[in-house]
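Spelled out from the first residue to the last, the chains are:
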Amino acid sequence: MVASSPATPPPASGHRFDAERRWEASLSLGFSARDGATRLTRARHRGPLRVQRPFHPEGPRGACHVYLLHPPGGLVSGDALQISVRVEEGAHALLTTPAANKLYRADSHGVAWQQQTDLCVADGGVLEWLPQETIAFDGSRGEQATVIELAGSARCLGWEVLALGRPASRLPYRSGRIEQRFRLTRDGKPLWLERQPLDPAHPRFTGRWGQGGATVQATLWAVGLDDEGEAIEALRDALPISPRWAVTARHGVLLLRYLGDERREAWTLCEAAWRVLRPRLLGLEAHIPRIWLT
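Structural notes, computed from the coordinates. (Residues numbered from 1 in each chain as written. Predicted model: local features only at pLDDT ≥ 70, side-chain atom pairs only at ≥ 80, totals over all residues. Heavy atoms only, no water.)

Thoughts on helix H3 (residues 263-282)
The end-to-end C-alpha distance of H3 is 27 Å, a good match for the 28 Å that 20 residues give at a rise of 1.5 Å each. Of all the bends found along H3, the most pronounced is centred on Val 276 and spans about 30°, while Pro 279, a proline, follows it within four residues. Of all the positions in H3, only Ala 266, Trp 267, Leu 269, Cys 270, Glu 271, Ala 273, Trp 274, Val 276, Leu 277, Arg 278, Leu 281 and Leu 282 are classed as buried. Positive phi shows up at Gly 283, right after H3, with a value of about 70°. (Helix = DSSP H or I, 4+ residues; strand = E, 2+ residues; numbered from the N terminus. Expected span 1.5 Å × (residues − 1). Bend = angle between axes of the 7 residues up to and from the residue. Buried < 20%, exposed > 50% of the residue type's maximum accessible area, 1.4 Å probe, protein only.)

Dropping the structure here:
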C-alpha cells in the first residue's frame, strides 16, 4: 500500500491519483476561417501529444482535416491528457486519430489515469470529432470527461466508441473502474449531461437494467440538424435493423447508442450513421479520412 502523504485524496469516483506520479500531456488547437478557407491557426503542445500537418482533401475551402497523435498509444497509471479544440466562426474542422486508444491496466497501487477533452465551437463554426475506438484493458482505472460548448448556430457531429477488455485474447474486463462524463451546452445552456461509471463489480455492469454484460458501447451525437425527425427516419432506413442500437433526439441533440459485443460492428454503425447525417447537417457528402483506410 502506498503512503497517504504523496497521494491526492481520492475523489468521489473512488479513484486514486498520485501527485508525484502525474505525467501530463496537453494539446491546444485553434481553427479560423481566412479567405474562405479553414486554417489551423494555433497548435500548442506539451508532452507526447502532436498533430500531423493539416490538409484539405475536400478542396481548399472544405473541412480542415487534422490527425491527433499520441505516440505512447495509450494511457497508464498517472497519465493526464488534456485536449482543447476551438473552432472559430465560419471554420470547419474534422479531427480523428490514426489508431485505437488504449487504456492499460493500473499499476499495483491502483493509481488512475485522466483524460479531459474540451471542444468549443463558435457561432457559425463546424466541428466533426471522429476518433477511432478506445480499448480498455482489464484492470484499467481512470476518468474520461468530454465537454462540448457550442455558441449560436454552431454545429457538431461526433462519437465515442469504447471496448471493454480483449475478448479475442480471452482477456475480458473483469476488474478496474472507468468513469465517463459528457457535458454539452449551447450558449451556456446544458443540453446533454451524462455520467457513467463502468465497474465490473457493480450489479449495473451485468444487470439487464444497465450494461447487461455488454463489452462494447458507442455514442454518436449530432447537434444543429434542421429536422431531427427526418434524420432519425433516414438512419432507421439506412442502418441494419438490430436490437443493439437505438436513436433518439431531445433538446436539439440527436443521440445514437450502441450496446453489444462487437467492436467492428460499433465502428461500422457509427461510420454509416455519419454518412447519413453529414449531408443533412452540413450539406456535404461524407469524405472518409484516408488514415482509416491504412
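Considerations on unusual backbone geometry
In this structure, Asp 35 takes a positive phi of about 55° despite not being glycine. Along the chain, the position of Asp 35 falls in the loop between strand S3 (23-34) and strand S4 (37-46). Taking relative accessible area as the criterion, Asp 35 reaches 74% and is therefore assigned exposed. Positive phi, normally seen in glycine, also occurs at His 251, with a value near 55°. Among the structural elements, His 251 can be located in the loop between strand S19 (245-250) and strand S20 (253-260).

Focus on the sheet that holds strand S11 (residues 113-121)
With mixed pairing, seven strands are arranged side by side in an open sheet as S4-S3-S8-S11-S14-S16-S17. Two strands in the sheet have a free side with no partner beyond their single neighbour: S4 and strand S17 (189-198). Ignoring strand direction, the axes of neighbouring strands in this sheet form an average angle of 10°. As judged from the nine bridges shared by S3 and strand S8 (residues 79-87), these two strands associate in the parallel manner. When the bridges of S8 are listed, Ala 25 appears paired with Leu 81. (Pairing = 2+ DSSP bridges. Axes fitted to C-alpha atoms, helices over the stretch in contact; angles between N-to-C directions.)

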